[in-house]
Amino acid sequence: MTNDLDLVDRTTTFPLPWGFSLVFLKLAIGAVIVAALSFLLLVVFVVPGDLARAAGPAAQIAVSGAALVLIALGKVRVALTLLVWATWLIVTTFLSLYGGVRGTAVSVYPLLVMLCGWLLGARSASLLAGLAITATIVLVVAEPATARPGAQATPAVLYGLVQITCIVFATVLISLLTRSYHHRLDEVERLGQDLAHRTEQAQTIAADLNEAQAVAHIGSWVYYFDNDRIDMSAECCRIVGLPLGSRGTRTRYLARVHPDDLKQLEDDWQRALAGAPLVNQHRIWVDNRIRWISQRANVEFDEDMQPLRCVGTMQDVTTLKQTEDELRVAATAFEAQEGMVITDANQIILRINPAFTRVTGYTASDLIGKTPRVLSSGRHNEAFYAAMWHSIATLGAWHGEIWNRRKNGEVYPEWLTITAVKDGAGNVTHYVGTLTDITQRKAAEEEIKHLAFYDPLTRLPNRRLLLDRLQQALASSARTGRQGALLFLDIDNFKALNDTLGHDVGDSLLEQVAERLSACVREGDTVARFGGDEFVLMLADLSTDSEESAAQARLVARKILAAINTPYALPGRTYRTSASLGITLFANHHATPFELLKQADIAMYEAKAAGRNTLRFFTPQTHAILEERSTD
């Protein structure tokens, strides 16, 4: 049970309601009992012969006691009504019996009206005042007509004592009312201070909320259905590009929404009106730029399920959307054709993509938790890897060709790029490796190289590769002092075979000649097809003595001539042929590669002139004779 009597009608014309507590009310009723008891005692002791006058005070005491009982039972409204109206009835009855308008109790009417206004309110006091005035007029009218019964005159002492009692009661009542008024003023002041304190707290909380919303980039808003009004927080205004404190309407907001997002937003809004939470992401135009907005809200309904307002939040997720797009692009790139591997700063593998598995044969379960060293082919030394990681540490990346080993043990070439990923402080957090299997490219390069340096028919080195190896042999001869020999071979009568039996037969002969020549020399020597039916053999690292080197070259040349003379199995026939050989020795850089080829060619033509199927060494005298003949 509360101390404030909220059940009492407090309607009043005063600026402030009086207000009272139960204790205060009980004291007031006690004062009424004391006044009635005083009047009863006066009657008993002053006019003992007229004890009928004591009926009024006795009845008042009984009514006041009943009011206290009702208050104790919690029936405050009934108690106050009984007290006021029963007292009025007692006073009016007493006046009608004793003295009329001249009766001592007539002075109780003003006090009773005041008491009624205090306890029951202005309307009840006005009604009671009207009834008191009516009763007074009736008594006035009834007195000349002697309509009331006669009564003994009230003794002066009793009349005076009644007046004193009323004055004292009025004084006590006014004192109590004054105390109640000041108590209420103090309470109002405390409420005002509390309100100011709570207002300050509310402002602080609102400021903290605005700051928190600004930090989180989340604004709040409330939409009122009755007047199409949107109240927005400071952060909400910032998000939509409006001045702080702005209010909007749903119509104006929808005008900012991107046309492609309107239908989905309206569908979500209709679901919210059906009781579901509103969750939506859409685009709006802010200062001629697109901004992504994420909204969450709930609609509040009245008892008839009519929407009252919608309370929600708004978040600018433009940056998040851009990040999602970048991640989506990165995820697509991660699933691309290039193999990719991601490690932590300690080179522990965290993730690989499907292309990596296709290239290496290793699955994620094979490699996650391990280092890329499991891919090492063993072809590269520690210096190679040290230089690679030095580049990554200083430049942030490395790329180049590397040989790795597949899961099946196959060693293959790949083009590898390693990039260091760093955080805002510049510390490495991850390494990302992208690799491409260049096996086919290397094969193509080898094919191109083969076409550039080898004869496609015989698969022997061509003129270009021969010249390169001859240059290297000259340099080696200069370092070691060992001599070498160049043998120039031409197949005898090859043109007649090619013209009569066809190029296919001629090509078959050339292929077999190439095989026989390769079988006649050492692994480090070179057999090259110089063109047509001409072959050149380079013998390196012969003796340091010229005569011994010549003997070695002659031995190989005779072996070659014997091999050439062996019958050939050509399509549809067996064929025999011979060759002419020219030989020149070389040492140091006494002659250029082209001069040596010319010398061997001269010696070969001298062998042909000698009847073919023979060999000749180049000598300066032979060259002089040929030069002399060419000038004749």
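Let me begin by describing the structure that accompanies this report. Note that the structure is a prediction, hence the values are computed from the model and not measured. Counting from 1, residues in each chain are numbered in the order their sequence is written. The predicted origin of the model limits local features to residues at a pLDDT of at least 70 and limits the giving and counting of side-chain atom pairs to 80 or more, whereas totals for whole chains, interfaces and linings rest on all residues. Values reported for side chains reflect all heavy atoms of the structure, with hydrogen atoms and water molecules removed beforehand.

## Points about the sheet that holds strand β4 (residues 278–286)
Link 1 in the chain: Two strands pair if DSSP finds at least two bridges between them. Note on conventions: DSSP H or I runs of at least 4 residues are helices, E runs of at least 2 residues are strands, and numbering of each starts at the N terminus. Within the open sheet, the 6 strands sit side by side as β3-β2-β1-β6-β5-β4. Their pairing is antiparallel. Unpaired on one side and paired on the other, β3 (247–248) and β4 mark the two borders of the sheet.
Link 2 in the chain: Where β4 lies against strand β5 (residues 289–301), 9 bridges are found, and the strand directions are antiparallel. Looking at β5, one finds that Arg283 is bridged to Trp292.
Link 3 in the chain: We call two residues contacting when some pair of their heavy atoms lies within 4.5 Å. Structural elements are reduced to axes, namely lines fitted to C-alpha atoms, with helices fitted over the stretch in contact, and the angle between N-to-C directions of any two is expressed from 0 to 180 degrees. Sheet contacts for helix α9 (residues 262–273): β1 (218–224), β4, β5 and β6 (307–316); angle to β4, the most-contacted strand, approximately 140°.

## Notes on the packing of helix α4 (residues 108–120) against helix α5 (residues 122–142)
Link 1 in the chain: Where α4 contacts α5, the axes come no closer than 7 Å and their chain directions differ by 160°. Relative to α5, the element α4 is oriented roughly antiparallel. The two elements α4 and α5 cross, and the hand of that crossing is right-handed. When α4 is examined against α5, the residues Tyr109, Leu112, Val113, Cys116, Gly117 and Leu120 are found in contact with a partner set consisting of Ala122, Ser124, Ala125, Leu128, Ala129, Ala132, Ala135 and Thr136. An angle below 35 degrees is read as roughly parallel, one above 145 as roughly antiparallel, one from 65 to 115 as roughly perpendicular, and any other as oblique. A crossing counts as left-handed when the near helix is turned anticlockwise from the far one by less than a right angle, and as right-handed when that turn is clockwise.

## Some words on the sheet that holds strand β7 (residues 339–344)
Link 1 in the chain: Taken together, 5 strands build an open sheet; the order of strands is β8-β7-β11-β10-β9 and the sheet is antiparallel. Both outer strands of the open sheet, β8 (349–352) and β9 (397–405), are each paired with one neighbouring strand and no more. Each strand axis lies, on average, 25° off the axis of its neighbour in the sheet, ignoring direction.
Link 2 in the chain: Both β7 and β8 contribute to a ladder of 3 bridges, which runs antiparallel. Opposite Thr343, over in β8, you have Ile349 as the bridge partner.
Link 3 in the chain: Where helix α13 (residues 382–395) meets the sheet, it contacts β9, β10 (411–422) and β11 (428–437), and its direction lies at approximately 150° from that of β9.

## Re the layout of surface pockets
Link 1 in the chain: Points on a 1 Å grid, built from protein atoms alone, make a cavity when a 1.4 Å probe fits but cannot get out and make a pocket when they are open with protein on both sides within 12 Å along at least 5 of 7 lines; residues with an atom within 4 Å of a point are the lining residues. Grid points are joined across faces, edges and corners, and a volume is the space filled by probe spheres set on the points. Approximately 530 Å³ is the volume attributed to the largest pocket.
Link 2 in the chain: Around the largest pocket, the lining comprises 23 residues; the ones closest to its centre are Pro372, Arg373, Tyr385, Met388 and Trp389.
Link 3 in the chain: Elements supplying a minimum of two residues to the lining of the largest pocket: β7, α13, β9, β10 and β11.
Link 4 in the chain: When the residues that make up the lining of the largest pocket are grouped by side-chain class, the tally is 14 nonpolar, 6 polar and 3 charged. Ten residue types, Ala, Val, Leu, Ile, Met, Phe, Trp, Tyr, Cys and Pro, are classed as nonpolar, four, Asp, Glu, Lys and Arg, as charged, and the remainder, Gly among them, as polar.

## Here's the deal with the pattern of salt bridges
Link 1 in the chain: Think of a salt bridge as a Lys or Arg side-chain nitrogen and an Asp or Glu carboxyl oxygen that are within 4 Å of each other. Following the criterion strictly, the structure yields 21 salt bridges and no others.
Link 2 in the chain: The salt bridge partner of Glu410 is Arg406, with a shortest N-O separation of 3.2 Å.
Link 3 in the chain: Residue Arg406 is classed as buried on the basis of its relative accessible area of 11%.
Link 4 in the chain: Its salt-bridge partner being Asp499, residue Lys495 comes within 2.9 Å of it at the nearest N-O pair. Of the two residues, Lys495 and Asp499 are both situated in helix α16 (residues 494–501); the distance of 4 residues between them amounts to about one turn of the helix.
Link 5 in the chain: For Lys495, a relative accessible area of 60% corresponds to the exposed category.
Link 6 in the chain: What makes Asp499 exposed here is its relative accessible area of 53%.
Link 7 in the chain: Among the ionic contacts, a cluster of salt bridges with common partners joins Asp490, Asp492, Lys608 and Arg612. Each residue's exposure class comes from its accessible area (1.4 Å probe, protein chains only) as a fraction of the maximum for that residue type: buried when under 20%, exposed when over 50%, partly exposed otherwise.

## Digging into the state of the cysteines
Link 1 in the chain: For this text, the term disulfide refers to a pair of cysteine sulfurs within 2.5 Å. Scanning the model with the defined rule gives 0 disulfides in all.
Link 2 in the chain: Between Cys237, a free cysteine, and Cys236, which holds the nearest cysteine sulfur, the sulfur-to-sulfur gap is 6.2 Å.

## Let's talk about the pairing of strand β12 (residues 484–491)
Link 1 in the chain: For β12, the tally of buried residues reaches 8 of 8 residues, placing the bulk of the element in the interior.
Link 2 in the chain: Side-chain alternation along β12 places Gly484, Leu486, Phe488 and Asp490 on one buried face and Ala485, Leu487, Leu489 and Ile491 on a second face that is also buried.
Link 3 in the chain: Strand direction decides the pairing type here: β12 and strand β14 (residues 534–539), joined by 6 bridges, are antiparallel. Among the inter-strand pairings, Asp490 is bridged to a residue of β14, identified as Glu534.

## Here we look at the nonpolar core
Link 1 in the chain: With 37 residues, the main nonpolar core has Leu487, Leu489, Leu517, Phe535 and Ile560 as its most contacted residues.
Link 2 in the chain: Listed by contribution, the elements that provide at least two residues to this core are β12, α16, α17 (503–519), β14, α18 (546–565), β15 (568–570), β17 (579–586) and β18 (615–617).
Link 3 in the chain: Once you skip the residues sitting within four places of it in the chain, Leu517 turns out to touch Leu489, Val527, Phe535, Leu537, Ile560 and Ile564.
Link 4 in the chain: The nonpolar core is taken to be a set of buried Ala, Val, Leu, Ile, Met, Phe, Trp, Tyr and Cys residues, with the residues joined through side-chain atoms within 4.5 Å. One finds Leu80, Ala86, Trp118 and Ala125 within the second-largest nonpolar core, a separate group that totals 33 residues.

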